[in-house]
Structure formats: structure tokens, C-alpha cells
Amino acid sequence: MSREPVFDVLTGLVRSLFWAQGLRIDIAGQHHLPRAGGAVLAVNHTAYLDFMEVGLVGRESGRNVRYMMKAELERGIVGWLMKHCKAIGVDRSAGAESFARAVAALRAGEIVVVYPEATISRSFELKEFKSGAARMAIAAEVPIVPMVIWGAQRVWTKDLPRRLGRHRFPINIRLGAPIPPREPADDLTAELRSRMRELLDRAQQSYDMPAGARWVPARLGGAAPTPEQAAVLDREELARRRAKKDARDT
């Protein structure tokens, strides 16, 4: 792994934060993340800070992962950090350019992080997947490594209070065997989602989930929204954002 001072400092800060919070991180399947060569790392999305766990997993295999982040963040201190951590800006109005940058990074031997759900899952179940991860893997001829994180939603997620203090929450991380790229992209996406569903089940098996807890899926006896209810909340949030944008534009 080549030296990247900014990434090194950020990794140290993340490890310090995890220590301060007392997070108990359990990783299984670390060996599935290749130590060399390009790969798409596909991760479920339940929390605002789960990218920190993703970065930690990368470092455990001697890799600095490359995040795909909103292009509008490419300014100020965040923009400076993105540049020095080789993040890939995603501009939804120029999707082909962002896709090309990700494929180029994969062909150059990088690990590119993709959240196939695109947004945080309010139900904490897997949402429907976008096909971007599969299309990138096919275009770059690299495998997709499926990965799930369970428990991070207890720290900071949508619609729940932040809990950034010392709480000693367990965080289960599970990685699966790399999936070779193959067409069509829709079939590869379906296989990826199926593999991640299995990994999520494994991550949840040994996890204590009190009945009625807001961070526990409804399917498992919790008070989180069902996927159908979460979809309604997502649409309402999107409508509010569009209304605010329209108000600013006028």
C-alpha cells in the first residue's frame, strides 16, 4: 500500500473515534477483499457514518478504498479531503463522466466503494439495487465483493437521535466471496443482492435485538418502518428537497 498521508491521518482519527465510542467491531470474511487489483466493493447503507467501517475494512487488507461521493461536496475542506483521498465525484447531471472515472480507477487496480441502494435504508432492510455496481464491474472486468454492515444505524441514521458518545455498540461486518463480472448487468445485480441478503442474515444472527427497538427491522420484531412505509418516507423527503430547490431557484 502506497503512502497517502491524508488517508493515514483520517484512518488514525477513525480508529480513535471507534475506541472512544467503545465500538466492538467484528469482521468475518476479511480475506475476500483482494490485496491487489481492482474490485467493486458493494456495501449496504443504513447509517451516515458507515463509510468509516468501510475504510477500516480496506485498511485491514492493506488497501485505501476510493469512495464515490456527491460532486457538490467538492469544495472547501471536504473537497480538499476528497482530492487527497482520490474520491470519485458523482455528478448526477453528468453520470457518464462519473461512471467513466470509476471504471478508470478500477482498471488502474483500485477498490471502488459503491452503495447499490444509493440512499440510506430507513427500514434497515436491503432496498432495491441500482445496476451501477454491476455495470462498472463488467466494464472494468473486475469482481464485485459483497459486504454488509449491521449495527452502525444505532450510532447515527435517518429519523433517529445521534448517539456519538461511549456506548459500546457491537458492529458486525461480513464480506462474501468475490462475484466474477458477467452480463447481463441485471442478472449480476440480482445475484449481488441475493448474496448480500445472505450476508445480512449472518450478521444479524448473533446480534441482540430487543423487541420494539426503533433500530430493529419490523420483520425481526422492531419498530423500524417496513420497507413499504420507508418508501413512502423516502418519497416525502424527496418532495421536500425538490420544493426547497425550487424555492431557491425562484
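Residues numbered from 1 in each chain as written. Predicted model: local features only at pLDDT ≥ 70, side-chain atom pairs only at ≥ 80, totals over all residues. Heavy atoms only, no water.

- As named in an unreviewed UniProt entry, the protein chain is 1-acyl-sn-glycerol-3-phosphate acyltransferase, taken from Nocardia wallacei.

## Brief notes about the packing of helix α5 (residues 132–140) against helix α6 (residues 185–205)
For step 1, the next point in the chain: Running from N to C, α5 and α6 point in directions that differ by 120 degrees, and their axes come no closer than 8 Å. By the angle between their axes, α5 is oblique relative to α6. Crossing angle aside, the handedness with which α5 passes α6 is right-handed. Contacts from Ala133, Ala134, Arg135 and Ile138 in α5 reach Ala185, Leu188, Thr189 and Leu192 in α6.
For step 2, the next point in the chain: The residue makeup of the contact of α5 with α6, split by class, is six nonpolar, one polar and one charged. (Axes fitted to C-alpha atoms, helices over the stretch in contact; angles between N-to-C directions. Helix = DSSP H or I, 4+ residues; strand = E, 2+ residues; numbered from the N terminus. Parallel < 35°, antiparallel > 145°, perpendicular 65-115°, else oblique. Left-handed = near helix turned anticlockwise from the far one by under 90°. Contact = heavy atoms within 4.5 Å. Nonpolar A, V, L, I, M, F, W, Y, C, P; charged D, E, K, R; others polar.)

## Description of the packing of aromatic side chains
For step 1, the next point in the chain: With the rule as written, the count across this model stands at four aromatic pairs.
For step 2, the next point in the chain: Measuring from ring centre to ring centre gives 5.1 Å for Tyr48 and Trp156, while their planes differ by 55 degrees; the resulting arrangement is tilted. Residue Tyr48 is located in the loop between β2 (39–43) and α2 (50–60), and its partner Trp156 is located in the loop between β6 (144–150) and β7 (170–175); the two are separated by 108 residues in the primary sequence.
For step 3, the next point in the chain: The partly exposed category is assigned to Tyr48, whose relative accessible area is 37%.
For step 4, the next point in the chain: Note on Tyr207 and Trp215: the rings are 5.8 Å apart at their centroids and 75 degrees apart in plane angle, and the pair reads as edge-to-face. For the pair shown, Tyr207 and Trp215 are each scored as buried.
For step 5, the next point in the chain: Pairwise contacts between aromatic rings join Trp150, Tyr207 and Trp215 into one cluster.
For step 6, the next point in the chain: Lying across the ring of Trp215, Arg154 places its NZ or CZ 4.2 Å from the centre.
For step 7, the next point in the chain: In this structure, Arg193 packs its charged tip against the face of Phe129, placed 5.8 Å from the ring centre. (Phe/Tyr/Trp six-rings, centres within 6.5 Å; stacked < 30°, edge-to-face > 60°. Buried < 20%, exposed > 50% of the residue type's maximum accessible area, 1.4 Å probe, protein only. Lys NZ or Arg CZ within 6 Å of the ring centre and 35° of its normal.)

## Let's talk about the nonpolar core
For step 1, the next point in the chain: Val40, Leu106, Met136, Ile144, Trp150, Leu192 and Met196 are the most contacted members of the largest nonpolar core, which totals 36 residues.
For step 2, the next point in the chain: Among the elements of the structure, β2, α4 (95–107), β5 (111–114), α5, β6 and α6 are those that each provide at least two residues to this core.
For step 3, the next point in the chain: Looking at this core, the element that brings in the most residues is α6, giving seven residues.
For step 4, the next point in the chain: The residues touching Met136, leaving out its near neighbours within four places in the chain, are Val40, Met68, Phe99, Ala102, Val103, Leu106 and Val114. (Core = buried A, V, L, I, M, F, W, Y, C linked by side-chain atoms within 4.5 Å.)

## Quick look at empty space enclosed by the protein
For step 1, the next point in the chain: In this structure the tally under the stated criterion is one cavity of 30 Å³ or more.
For step 2, the next point in the chain: Space inside the largest cavity adds up to approximately 60 Å³.
For step 3, the next point in the chain: Forming the boundary of the largest cavity are Phe18, Gln21, Leu23, Leu49, Asp50, Met52, Glu53, Ala152 and Val155.
For step 4, the next point in the chain: Counting residues per element, the ones that place at least two in the lining of the largest cavity are α1 (5–21) and α2.
For step 5, the next point in the chain: Here the lining of the largest cavity takes three residues from α2, the largest share from any one element. (1 Å grid on protein atoms, 1.4 Å probe; cavity = no way out; pocket = protein on both sides within 12 Å on 5 of 7 lines; lining within 4 Å. Points joined across faces, edges and corners; volume = space filled by probe spheres on them.)

## Considerations on the side chain of Asn172
For step 1, the next point in the chain: As for its position among the elements, Asn172 is in strand β7.
For step 2, the next point in the chain: There is a polar contact of 2.9 Å between the side chain of Asn172 and the backbone oxygen of Ala203.
For step 3, the next point in the chain: Aside from chain neighbours lying at most four places away, what touches Asn172 is Asp26, Val148, Ile149, Trp150, Ala203, Ser206 and Tyr207. (Polar contact = N/O pair within 3.5 Å; in protein donor to acceptor, adjacent residues only side chain to side chain.)

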